Amino acid sequence: VGVLIYLRQEGRGIGLFKKIEAYALQDGGLDTVEANVELGLPIDSRSYAVAAQILHALDIRSVRLLTNNPKKMEALRKHGIQIVDRVPLHIPANPVNDAYLTTKRKKLAHLF
């Protein structure tokens, strides 16, 4: 049994249109973090309070969380959800995504 919660927080919370602007900057050589900063936006403005509220409403107090992002784990814990296991998402590096994955690991502390 599992629960999938989709939160509309495109581009780490900056929205779809700003995400497209950030992509244009990335095409010009900036990484994903630098692009947000260049646009004057937060690096990651997502909130997981609604996800925690949904889990509480479903009477779910502990989860095995599929994520590479330690901030998601922190946020859910802060809202009273116990993380009993982190299930990593295995994303093989290739020429198209290698720099992106490196940025996520080095600048956003993602666990690969």
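Residues numbered from 1 in each chain as written. Predicted model: local features only at pLDDT ≥ 70, side-chain atom pairs only at ≥ 80, totals over all residues. Heavy atoms only, no water.

Asks: Sorry, what's going on with the overall build of the chain here?
Replies: If you tally the helices and strands in the chain, you get six helices and two strands. Listed by position from the N terminus, the elements making up the chain come as α-α-α-α-β-α-β-α. Based on the C-alpha atoms only, the size of the chain along its principal axes is roughly 45 × 25 × 20 Å. Each of the 112 residues in the chain was classed as buried or not, and the buried ones make up 29%. (Helix = DSSP H or I, 4+ residues; strand = E, 2+ residues; numbered from the N terminus. Buried < 20%, exposed > 50% of the residue type's maximum accessible area, 1.4 Å probe, protein only.)

Asks: Teacher, can you tell me more about helix H6 (residues 98-108) here?
Replies: Given 3.6 residues to a turn, an α-helix orients residues that are three or four positions apart in the same direction. For H6, every residue scored as buried is listed here: Leu101, Thr103, Lys104 and Leu108. The arc enclosing the buried residues of H6, seen along the axis, measures out at 155°, which places them on a common side. What points out from H6, more than 90 degrees from its buried face, is the exposed set Ala99 and Lys106. Check the buried side of H6 and you find it contacts helix H1 (10-13) and helix H3 (32-38). Just past H6, the residue Ala109 takes up positive phi, approximately 60°. (Arc of directions from axis to C-beta. Contact = heavy atoms within 4.5 Å.)

Asks: How do you make sense of the pairing of strand S1 (residues 62-66) when you look at a structure like this?
Replies: Every other side chain in a regular strand lies on the same face of the sheet, so the side chains alternate between the two faces. The alternating pattern of S1 places Val63 and Leu65 on a buried face and Ser62, Arg64 and Leu66 on a face that is not buried. The pairing of S1 with strand S2 (residues 82-87) spans five bridges and is parallel. Bridge pairing in S2 links Arg64 to Asp85. The parallel pair S1 and S2 is bridged by helix H5 (residues 70-78), and the resulting crossover is right-handed. (Pairing = 2+ DSSP bridges. Right-handed = clockwise from strand over helix to strand, strands pointing away.)

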